[in-house]
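# Observations on chain architecture
Spelled out, the chains give:
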Amino acid sequence: MSGLRDAVLEARDVTVVPDGGRREILSGASLGIRAGEVHALVGPNGAGKSTLFGVIAGDVVPSAGSVHLDGVLLAEFRPRDLARRRAVLLQQNAVSFPFTVAQVVAMGRAPWARTPLADDDEAAIAAALEDTDIVDLADRTVPSLSGGERARAALARVLAQRTDILLLDEPTAALDLRHQEDVLALAVRRAREGAAVAVVLHDLNSAMAHADRVTLLSRGRVVAAGIPAEVLTAERIEEVYGQAVDVFPHPATGVPVVTPRRRASDRPAPW
Ligand code: ADP
Ligand code: MG
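All of these numbers come straight from a predicted model, not from anything done at the bench. Per chain, residues are indexed from 1 in the order of the written sequence. The naming scheme follows written order: chains are lettered A onward, ligands numbered 1 onward. Selection of residues for local features in this predicted model requires a pLDDT of at least 70, selection of side-chain atom pairs for listing and counting requires 80 or more, and totals for whole chains, interfaces and linings are taken over all residues. Here the side-chain values reflect all heavy atoms present in the structure, with hydrogen atoms and water set aside.

## Considering helix α1 (residues 49-57)
Between buried and exposed lies partly exposed: a residue is buried under 20% and exposed over 50% of the maximum accessible area for its type, with that area taken using a 1.4 Å probe on protein chains only. Elements are defined by DSSP. Helices are runs of H or I of four residues or more, strands are runs of E of two residues or more, and each kind is numbered from the N terminus. Judged by how many residues are buried, α1 sits mostly within the fold: 8 of 9 residues are covered. Just past α1, the residue G58 takes up positive phi, approximately 90°.

Below you can see the structure in the form of structure tokens.
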């Protein structure tokens, strides 16, 4: 597939059938992540987004299909080498032991222990705390944090790893409006600096505004992939999500805006 030619991390025709099951939760899905780009993965609950992420992260072994990193089969990488190439923010990132935020973020540096890059540990940790706006929380224990604060601490750990591939599964799900924008702006910045960034998003407006490329999954299959405005048409969103929407250009930027279709008569004006 020529569209995936220059991908640094690439899943080809991946199928996943969970142990003991017969149902495919991914069916022939392909995804290519390129340097310099933010690639959004979108789709309804249960579409297979986290499973596909697990596959490209090397955490889920596909029943069929292949995953390549720099053209080499992912299975051939040692865990340590993989951890130096890509950092993964899982959708579930529970820390139950009372580590402090600073300790958790420092864990992101583990792959660089006993390498020259360990000299960057302090700077990497400081920058990650700064970038996720949790400097003031550094000495707090993670279980004492709010959901959104905890999510930012988990993201900081991933950022501190300083890899050139970032895989972020719903990094904005628990965040307030400003922190959502901050995280997506950060993803874009990392991409512009040369990183390959993949991010699972539910907010289609965020995908429209921040992603260079989007892959839409539905029932384990890739329904469409490409430029956000071309993938996320009203017709396709309605078909995949089962929700009527309006898509119209933002008056200032022209970026398409997606809203659920609401009739004026559904709600009397409160003014
Ligand atoms: P998404 O992240 O898009 O919401 P997931 O990839 O987490 O979806 O899951 C896709 C589907 O596969 C869901 O229906 C989920 O319940 C199912 N699933 C995920 N992991 C397993 C598993 N280990 N065994 C059985 N079903 C699974
Ligand atoms: Mg998921």
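Don't stop here, the text continues.
## Considerations on the side chain of D169
Within the secondary structure, D169 is located in strand β7 (residues 165-169). Despite its burial, D169 pairs with no opposite charge; the closest candidate is K49, at 6.9 Å N-O. For the purposes of these results, a polar contact is taken to be a pair of N or O atoms within 3.5 Å, where, inside protein, one atom must be able to donate a hydrogen and its partner to accept one; residues adjacent in sequence count only when each atom of the pair is a side-chain atom. Among the polar contacts listed, one links the side chain of D169 to the side chain of S50, at a separation of 2.6 Å. Setting aside residues no more than four positions away along its own chain, D169 makes contact with S50, F53, L89, L90, Q91 and V200. Working convention for charge: Lys and Arg count positive, Asp and Glu count negative, and His plus the chain ends are omitted. Whenever Lys or Arg places a side-chain nitrogen within 4 Å of a carboxyl oxygen from Asp or Glu, that contact is recorded as a salt bridge. In this analysis, two residues are considered to be in contact whenever any of their non-hydrogen atoms come within 4.5 Å of each other.

## What about the sheet that holds strand β6 (residues 86-89)?
Between any two strands, pairing holds if DSSP finds at least two bridges. Spatial strand order, β6-β7-β8-β3-β9-β10: 6 strands in an open sheet with mixed pairing. A single partner strand is all that each edge strand has here, and the edge strands are β6 and β10 (221-226). Ignoring which end each strand starts from, the neighbouring axes of this sheet average 15° apart. Here β6 pairs with β7 via 4 bridges, running parallel. Following the sheet pairing, V88 is matched in β7 by L167. Under this scheme, a helix contributes an axis fitted over its contacting stretch, all axes are lines through C-alpha atoms, and angles between N-to-C directions fall in the 0 to 180 degree range. Where α1 meets the sheet, its contacts fall on β3 (38-42), β6, β7, β8 (196-200) and β9 (213-218), and the angle it forms with β7 comes to roughly 155°. Running at roughly 175° to β6, helix α5 (residues 147-160) makes contact with β6 and β7 of the sheet.

## Remarks on the coordination of the magnesium ion (ligand 2)
For the magnesium ion (ligand 2), the protein coordination sphere consists of S50 (OG) and Q91 (OE1), at 2.1 Å. Taken together, the positions of S50 in helix α1 and Q91 in the loop between β6 and α3 (101-107) put the pair 41 residues apart, joining distant regions of the chain. For S50, a relative accessible area of 32% puts it in the partly exposed group. Under the relative-accessibility criterion, Q91 is labelled partly exposed at 36%. Water is not among the atoms examined, so metal sites may look incomplete; donors are the N, O and S atoms within 2.8 Å of the metal, or within 3.2 Å for Na, K and Ca.

## Some remarks on the environment of R213
Examined against the element boundaries, R213 turns out to sit in strand β9. A residue is classified by how much of its surface remains accessible, and R213, at 22% relative accessible area, is partly exposed. Between the alpha carbons of R213 and E37 there is a distance of 7.4 Å; along the sequence they are 176 residues apart. Apart from the residues lying within four places of it in its own chain, the contact partners of R213 are R34, E37, V38, H39, A40, G226 and P228.

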